[in-house]
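For reference, the chains in residue letters:
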Amino acid sequence: MSTTTETRLEFRKLSARVGAEIRGLDLSSDLSDATIAQIREALNTHKALVFREANVHDDETQVRFASRFGPLTQAHPTVASVEGKPAVLPVDSENGSANNWHTDVTFVVNPPQASTLRSVTLPAYGGETLIASSAGAYQDLPEELRDFADTLWAVHTNDYDYSVPKNLEHANADERRKEFTRIHFETAHPVVRVHPLTGERGLFIGGFAQRLRIVGLSNTESKDILRLLQAYVTRPENVVRVNWEPDQLVLFDNRITQHYAPDNYDGQPRQLNRVTVAGDVPLGIDGRSSTSIQGDSSVYSETVELRADVSGAPL
Ligand SMILES: [Fe+2]
């Protein structure tokens, strides 16, 4: 397309705080830098973007589109990629559903900045993806609780009781858990993370956040505080429920959202393929950055330095 004036993309909001969709944007085409900048701007605003009828029928198209937002990570720090496609992670119901709230790969010091999911195999019903705004959660906290949250740090790890849901009786659950935890990662992140492009603050917790770094606080009480904060993330006002169609891609900002895949499709096959964009090391409100306690993530992902100019555009 060689028009001189760039078409303004029309994203339709799906809820007040999170999510917007667009139908018929051809993601396999050679999108201009200006179009990608518009998508980035929309992502900064809406946090999750749903592309329907996107002409995204294969991994190559997904990989090419995701690459426009930065270097890609490997598929996962511990889990195998789709055969021969090192950046593509199969998110497959065969391996158990992700029915816990989480932000992708927060157990490493440089979690992906953004995730893309593409529909591959869909159940006849159910199988939606719920996406929550952790910025909405932060805004909803009463002031005293917000001040408290501002001071907290949490340890995120991939090796804990429910890192692979045990309630699902998959034949390969044990094997899957072994693969998931084959390298033990632990990272300390600020509970309140400042988004590098927008300056927005969000609660950066989710399923991999297993304990607070408060000397003298027991794990049980630590979990109680995390649970209290998490309750604000999952308030219905902060959540959009995205249904899946064939030929659909969802792009979400992994720095300021959490997601959840309800196990509501009666064991029908469901597969989404995931490709993630390398991210920055999170920063707290005092400018301190996350620190790795255990596990080297440099093979999994490079670290992308992200700063914004006043308009929120990456420098
Ligand atoms: Fe996920």
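Computed from a predicted structure; not experimentally measured. (Residues numbered from 1 in each chain as written. Predicted model: local features only at pLDDT ≥ 70, side-chain atom pairs only at ≥ 80, totals over all residues. Heavy atoms only, no water.)

> Please clarify how the overall build of the protein should be interpreted in this entry.
Within the protein, the secondary structure is distributed over six helices and 16 strands. Its C-alpha radius of gyration of 19 Å places the protein within 12% of the 20 Å reference for a compact globule of 315 residues. Along the first, second and third principal axes, the C-alpha set of the protein runs to 60 × 50 × 35 Å. Counting every position in the protein, which comprises 315 residues, the buried fraction comes to 55%. (Helix = DSSP H or I, 4+ residues; strand = E, 2+ residues; numbered from the N terminus. Rg over C-alpha atoms; globule rule 2.2 N^0.38 Å. Buried < 20%, exposed > 50% of the residue type's maximum accessible area, 1.4 Å probe, protein only.)

> Just checking my understanding: could you explain the coordination of the iron ion for this structure?
Put simply, the ideal angle at a metal is 109.5 degrees for four donors in tetrahedral geometry and 90 or 180 degrees for six donors in octahedral geometry. Protein coordination at the iron ion: the donors are His102 (NE2), Asp104 (OD) and His259 (NE2), at 2.1 to 2.2 Å from the metal. For the iron ion, all donor residues lie on one chain, and their spacing in sequence is H-x1-D-x154-H. With aspartate 104 in the loop between strand 4 (89-92) and strand 5 (114-121) and histidine 259 in strand 14 (residues 257-260), the pair connects residues that are 155 residues apart, well separated along the chain. Judged by its relative accessible area of 2%, aspartate 104 falls in the buried class. Among the residues examined, histidine 259 registers a relative accessible area of 7% and is labelled buried. (Donors = N, O, S within 2.8 Å, 3.2 Å for Na, K, Ca; no water.)

> I would appreciate a short explanation of the sheet that holds strand 11 (residues 209-212) in the present structure.
The strands that make up a sheet pair up through hydrogen bonds in the backbone, lying either parallel or antiparallel. Judged by pairing direction, the sheet is antiparallel, and its four strands sit side by side in the order 11-7-8-16 without closing on themselves. Both edges of this open sheet fall to strand 11 and strand 16 (291-294), since each of them pairs with a single strand only. Strand-to-strand, the axes of this sheet are offset by a mean angle of 30°, without reference to chain direction. Pairing analysis gives three bridges linking strand 7 (residues 153-157) to strand 11, with the strands arranged antiparallel. From the neighbouring strand, valine 155 faces strand 11, where its bridge partner is arginine 211. (Pairing = 2+ DSSP bridges. Axes fitted to C-alpha atoms, helices over the stretch in contact; angles between N-to-C directions.)

> For this particular structure, what's the right way to read the pairing of strand 2 (residues 20-23)?
For a regular strand, side-chain orientation follows a simple rule: the groups alternate between the two sheet faces. Of the pairings in the sheet, the one linking strand 1 (residues 12-13) to strand 2 comprises two bridges and is antiparallel in character. Across the sheet, lysine 13 pairs through a bridge with alanine 20, a residue of strand 2. Once you follow strand 2 into helix 1 (residues 33-46) and on to strand 3 (residues 48-52), the crossover reads as right-handed. (Right-handed = clockwise from strand over helix to strand, strands pointing away.)

> Would you explain the sheet that holds strand 6 (residues 129-133) in this entry?
Taken in spatial order, the three strands of this open sheet run 12-6-14, and their pairing is antiparallel. In the strand order of this sheet, the two ends are held by strand 12 (239-242) and strand 14, each with one partner. For this sheet, the mean angle separating the axes of adjacent strands, direction not counted, is 20°. Note that strand 6 and strand 14 share four bridges and pair antiparallel. Each bridged residue has a counterpart across the sheet, and for alanine 132 the counterpart in strand 14 is glutamine 258.

> Just checking my understanding: could you explain the environment of leucine 14 for this structure?
Mapped onto the elements of the fold, leucine 14 is located in the loop between strand 1 and strand 2. Its relative accessible area of 30% is what places leucine 14 among the partly exposed residues. With 227 residues separating them in the primary sequence, leucine 14 and arginine 241 have C-alpha atoms 8.9 Å apart. Sequence-distant contacts of leucine 14, defined by excluding residues within four places in its chain, comprise Gly19, Ala20, Glu21, Val50 and Val240. (Contact = heavy atoms within 4.5 Å.)

> In this structure, what is going on with the pattern of salt bridges? I would like to understand it.
If the charged atoms of two oppositely charged side chains come close together, the side chains can form a pair. With the rule as written, the count across this model stands at 22 salt bridges. The partner of lysine 85 in a salt bridge is aspartate 59, with the nearest N and O atoms 3.1 Å apart. Taken together, the positions of lysine 85 in the loop between helix 2 (59-67) and strand 4 and aspartate 59 in helix 2 put the pair 26 residues apart, joining distant regions of the chain. For lysine 85, a relative accessible area of 27% translates into the label partly exposed. Three or more residues are tied together by salt bridges with common partners; here these are Arg12, Glu21, Arg23, Arg52, Glu53 and Glu245. (Salt bridge = Lys/Arg side-chain N within 4 Å of Asp/Glu carboxyl O.)

> Sorry, what's going on with the nonpolar core here?
The nonpolar side chains of a soluble globular protein tend to be buried with one another. Ranked by size, the top nonpolar core spans 25 residues in total, and within it Phe11, Ile39, Leu49, Phe51, Phe65 and Leu251 carry the most contacts. When residues of this core are traced back to their parent elements, those giving at least two are strand 2, helix 1, strand 3, helix 2, strand 13 (248-253) and strand 15 (271-277). Residue contributions to this core peak at four residues, all from helix 1. Beyond its immediate stretch of four places on either side in the chain, phenylalanine 51 contacts Phe11, Ile22, Leu25, Leu27, Ile39, Phe65, Asp247, Gln248, Leu249 and Leu251. In terms of nonpolar packing, the next biggest core, distinct from the first, is built from 22 residues, Trp101, Ala154, Ala209 and Ile225 among them. (Core = buried A, V, L, I, M, F, W, Y, C linked by side-chain atoms within 4.5 Å.)

Just geometry here; none of it tells us what the structure is for.
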